Amino acid sequence: MKTVTLTLSGVLLATSALIAPCIAHAQTPTAASQASAPQDPAGQDEADSGSELDEVIVLGRFIPEPNRESAEVAAFLTSEDLERTGDSSAAGALARVTGLTVVEGRFVYVRGLGERYSSALLNGSPLPSPEPLQRVVPLDLFPSSILDSVTVQKSYSVDFPGEFGGGVIDLRTVDAPNDPFFSMSTSIGGNTETTGQESLIYFGSRTDFTGFDDGTRDVPGELAIAFSQGVPVTSGNFGDLELERIGHSLVNSPLRLLQRETTPVNFGFDFAGGFKSDSSLGTFGLIAVAGYSNSWSTRNGVQEEAQFSGPILVPVTSKAYESNQNDIQLNFLGGLSLITDNSDYRWTNFFVRNVTKEARISVGPDFDAGGEIQRTDYTEWFERQLFSSQLSGEHEFMDGALEFAWRGAYALTERNAPYETRFEYGVDTNGNFIHQIGGNRISFSELDDDIVSGGADLSYTLPLSDYRDAVFSLGVAWFDNNRDAERRDLRFVPASTLTDEQRRSRVDYLYSDANIGPTGIVLSEVTGSAGSGAAAYSAQLEVAAAYLQVDAEFIPLVRTTFGVRYEDGYQSVTTRDLFGGAAPFAPTEIEEQYFLPSFTATWNFAEDQQLRLGASQTIGRPQFRELAPQSYTDPETDREFTGNPFLVDTEILNLDARYEWFFARQQYLTAGVFYKDLDRPIEATIVTSGNARQQSYLNSPQAVIYGAEIEAKKYFEFLDSTPFIANKRWLVQANYTWSDSEVSVEPGDFVRTPGGGGTDEDATFFIADGSRLQGQSEHVANLQLGWEDDTARSQATIIVNYVSERVSARGAGGAGSREPDYIQDPGIFLDFVYRKEFEVGGRDLGFSLELRNLLGTDFDEFQELGNKILINNYELGSSASVSLSARF
């Protein structure tokens, strides 16, 4: 797409072209261009070039190529941006983008809308998620070392999927380099709350540090055979000796016994290499990136639950907890490319495995236990794994006027959580902890989620004049996303009353082979028991889409992009009874067809300045887990979730406007406003069943969100100062987003919840009219202050990130007694990153120092009405790491 950017005097020429195109074309545009061009060598070269070509010259030389090529409101992170901030993953890097916030270190909120309203693509292809609670892939799975760039498109265009509310995040992986290289790096770090502290652990297996256990956590053969029988593993279906053998087969001490040990340092290493080579077929390229990281995180916090006492809230459950989490990640990216005169072929494969090994304890008065002190011990092991393989091609015909691109991809994610264990304790009259045998639980769960996708795009460029053209595009896309999830829950029940010695014994003594038997404790399956929802479900989302789009400069200086996308979507969630009975819940099916239009106009009204206006209609679909009525405890929040099979799609109107001024190379000022109207937005809410609390989901009747964004980046040079200052280029980069939202609830509005069985319930019982949309923060700000020193080959950056309070979940509803919402206060984070390159023995080496959360900001989620209830509060600590890299 050609673009025309004129100086202010050139605008007069453009204005005359609007009035009398034939006269404008008859004149010599280069004369105006030469007269107004800057009198420097670069400007003179451009003017001279324009005279030779006898056409209007593009003088917007400071507009970066991605911004010039894109017709939409978008933000771009380059490999240089990723290197400067030193963020280890895509999630961390995106927290620096205007209007974006990161939740739980994994999921990105764009302009205050939850992760369900944003889609993530890898090289243009959709990805499945290994998370039970989300269909959106967590972005902490993507290390920054495999990324070449990240695009965050905030205004919609019809060549992207119609599920769009906040934005679409397109991750582009590194490509084969022009020059062959091999590099390696290693890092070591720690955290003030974790490293060197005496923390909880459990043994697990000897190979846990690799991210793969040695088979210790495999489902034992005896238990696997019992699971395959299609009946619950209980005394009614198996004999005493069979149950005893199955109970003996379960691993005991290595997976149940909590101990304390000094937490080691974090460490990791990465390798990368690639080359290009000419052949008779074309230019062949290869890129490979591999990495391993091992990190620890200790949390000491408080979790409370509250109930009304008159007009105020008072805590009825208050537990102190301690958690120690070991995260191991392995990743590999391999890419092959073939480039010919008119075609590019690429085959990209990506594998990442992220394992979390966690030990934790919670202690405190529990309302469900009559206010008595209760302790619960947990040991957990979560395997998350993603594999993606994509084959794509781009072809040019008719001297580049006709372009054809295609892609096909397969992606598979797996989540395996074997031997999730829970053991509960009460307190005896002497204040000693004793076993509460009824509270023990051993769970095995698996989730498989895959996507097969494909797409093709055809575009034709039609010249409108010597310097303007129109691009007509059409395309098709299809994907089929399937998920299968299953969970089995077991516990030991006493055949008779436990002795005092047994109740006071160590956990691995109580559950030893000597005590497992017909006269001791007996294994019993409780899968699908009351309150736990469906034990298994299958889900599918199939979407077939087609679009038409025109991108043209029909009027000089005004680029318009408009089109329409058609999507035919079918989504279903079907629960299963693992024991051959009727499904515990009726299937959920959502089948909808949509025409989704979009329009964007970009006006180059002055040199290096643009104004963009956009309008579109999009949708948001419920995620699988939001629909599935299966209970699941999130280890991040220790909160139990269950789905709502009565959710429906959200329809969204998007309006955007943005001014852009690129006043120098890599320097700019942008300002914009946005408005979104959401019909039936999906929000998280707390539901109660007796004394038990779960987090579920509902469709609020209607909501709007609107706001303004501003971003600036400027370099300064002080040549007359001291050498330390004069040798450096100083950076100031900042962005700020203000937004507000309002959920509207009017008389007669209703919601449908699992507790109400899908019947219409008064929406005012659950949602307060005028309340903020869940996930929306009023203020989001980022600041970067730093320098670049080409002489010393060093770079330093101070990074500040601020996010104001946001609603994390709706308070529990009820007639006349709706609780206040859960609020999270992310706060201010201060980081420092320093990098330096140097030579040793003719080799290029690099050193980096990263200091994170220097202010010691903690995690704070609360509920407030008369008293502040600490829903989840813990110290994050400050972190430091150093790394050394070498390039060969």
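Residues numbered from 1 in each chain as written. Predicted model: local features only at pLDDT ≥ 70, side-chain atom pairs only at ≥ 80, totals over all residues. Heavy atoms only, no water.

> Teacher, can you tell me more about the environment of Thr-618 here?
Along the chain, the position of Thr-618 falls in strand E24 (residues 609-620). Along the primary structure Thr-618 and Tyr-594 are separated by 24 residues, whereas in three dimensions their C-alpha atoms are 8.7 Å apart. Look past the residues within four positions of Thr-618 in its chain and what remains in contact with it is Tyr-156, Gly-162, Phe-164, Leu-596, Thr-650, Glu-651, Ile-652 and Asn-654. At 2.9 Å, the side chain of Thr-618 and the side chain of Asn-654 are in polar contact. (Helix = DSSP H or I, 4+ residues; strand = E, 2+ residues; numbered from the N terminus. Contact = heavy atoms within 4.5 Å. Polar contact = N/O pair within 3.5 Å; in protein donor to acceptor, adjacent residues only side chain to side chain.)

> Would you mind going over the confidence of the model for the protein with me for this structure?
Low-confidence regions, as indicated by low pLDDT, have predicted coordinates that should not be scrutinised in detail. In this model, the protein carries an average pLDDT of 86, and 89% of its residues clear a pLDDT of 70 or more. Low pLDDT, under 50, characterises residues 1-59; the predicted model gives this stretch 88 contacts beyond four residues in sequence or across chains. (pLDDT = per-residue confidence, 0-100.)

> Just to check I follow, could you spell out a negative patch on the surface for this structure?
Together, Glu-589, Glu-591, Glu-592, Glu-651 and Asp-679 make up a negatively charged patch on the protein surface. Looking at the negative patch, the element that brings in the most residues is strand E23 (residues 588-606), giving 3 residues. One can find Glu-651 in strand E27 (residues 650-664). Of the residues examined, Glu-651 reaches a relative accessible area of 42% and is grouped as partly exposed. (Patch = residues over 30% accessible without salt bridge, like charges linked within 9 Å, V, L, I, M, F, W, Y side chains within 5 Å. Areas by Shrake-Rupley, 256 points an atom, 1.4 Å probe, with all protein chains shown as cover. Salt bridge = Lys/Arg side-chain N within 4 Å of Asp/Glu carboxyl O. Lys, Arg positive; Asp, Glu negative; His and termini not counted. Charge placed at Lys NZ, Arg CZ, Asp CG, Glu CD. Buried < 20%, exposed > 50% of the residue type's maximum accessible area, 1.4 Å probe, protein only.)

> Quick question: what am I supposed to make of helix H9 (residues 240-249) here?
Since the α-helix packs 3.6 residues into each turn, any two residues three or four apart lie on the same face. Turning to H9, its buried residues are Leu-243, Ile-246, Gly-247 and Ser-249. Looking down the long axis of H9, one finds its buried residues gathered within 160° of arc, a one-sided arrangement. Those residues of H9 hidden inside the fold are in contact with helix H8 (221-227), strand E16 (402-427), strand E19 (469-494) and strand E20 (521-525). (Arc of directions from axis to C-beta.)

> What is the right way to read the packing of aromatic side chains from this model?
The description of an aromatic ring pair uses the distance of the two centres, along with the angle that the planes make with each other. Under the criterion given, the structure shown has 22 aromatic pairs. Measuring from centroid to centroid gives 5.3 Å for Trp-603 and Phe-605, while their planes differ by 55°, and the two rings are tilted. Each residue in the set Phe-182, Phe-267, Phe-269, Phe-271, Tyr-292 and Phe-888 is aromatic and connected to the rest through ring pairs, giving one cluster. Taking the ring centre of Tyr-202 as reference, the NZ or CZ of Lys-357 above it sits at 5.1 Å. (Phe/Tyr/Trp six-rings, centres within 6.5 Å; stacked < 30°, edge-to-face > 60°. Lys NZ or Arg CZ within 6 Å of the ring centre and 35° of its normal.)

> What's the story with the pairing of E19 in this structure? I'm lost.
Sheet faces and side chains relate simply in a regular strand, where the side chains alternate between the two faces. Bridge analysis of strand E18 (residues 441-463) against E19 gives 22 bridges, and the strand direction is antiparallel. Paired with Asp-450 across the bridge in E19 is Asn-482. Adjacent in sequence and paired antiparallel, E18 and E19 are bridged by 5 residues. As paired strands, E19 and E20 are joined by 5 bridges and run antiparallel to one another. Opposite Leu-490, over in E20, you have Glu-525 as the bridge partner. (Pairing = 2+ DSSP bridges.)

> Explain the nonpolar core to me, please; I cannot follow it from the model alone.
It is characteristic of soluble globular proteins that their nonpolar side chains tend to be buried jointly. In terms of nonpolar packing, the biggest core is built from 41 residues, with Tyr-537, Val-573, Leu-678 and Ile-767 touching the most fellow members. The contact partners of Val-573, leaving out residues within four places of it in the chain, are Tyr-537, Ser-538, Ala-539, Pro-587, Thr-588, Phe-624, Leu-627 and Ala-628. (Core = buried A, V, L, I, M, F, W, Y, C linked by side-chain atoms within 4.5 Å.)

> Teacher, can you tell me more about the environment of Gln-784 here?
By the secondary structure assignment, Gln-784 is in strand E35 (residues 779-789). By relative accessible area, which is 8% here, Gln-784 ends up buried. The spatial distance from the C-alpha of Gln-784 to the C-alpha of Lys-713 is 9.1 Å, given a sequence separation of 71 residues.

> It is not clear to me how the side chain of Gln-549 should be interpreted in this structure. Could you clarify?
Positionally, Gln-549 belongs in strand E21 (residues 536-555). Beyond its immediate sequence surroundings of up to four residues, Gln-549 is in contact with Ser-157, Val-158, Asp-159, Val-471, Phe-472, Ser-473, Thr-561, Phe-562 and Gly-563.

> How should I be thinking about the sheet that holds strand E6 (residues 147-153) in this particular structure?
Backbone hydrogen bonds are what pair the strands of a sheet, in a parallel or an antiparallel way. On the basis of which strands lie adjacent, the open sheet formed by 5 strands has the order E1-E6-E7-E4-E5 and mixed pairing. The open sheet has two edge strands with one neighbour each: strand E1 (74-78) and strand E5 (125-126). Here E6 pairs with strand E7 (residues 167-173) via 6 bridges, running antiparallel. Bridge assignment links Val-152 to a residue of E7, and that residue is Ile-169.

> So what exactly am I meant to see when it comes to unusual backbone geometry here?
One can expect most non-glycine residues to show negative phi and most peptide bonds to be in trans. A positive phi angle is found at Met-398, which is not glycine, with a value near 55°. Among the structural elements, Met-398 can be located in the loop between strand E15 (372-397) and E16. Note on Met-398: relative accessible area 53%, which makes it exposed. Residue Arg-793 is not a glycine yet carries a positive backbone phi of 55°.

> Explain the environment of Val-476 to me, please; I cannot follow it from the model alone.
One can find Val-476 in strand E19. Among the residues examined, Val-476 registers a relative accessible area of 46% and is labelled partly exposed. Sequence-distant contacts of Val-476, defined by excluding residues within four places in its chain, comprise Gly-454, Gly-455, Ala-456, Ala-545 and Ala-546.

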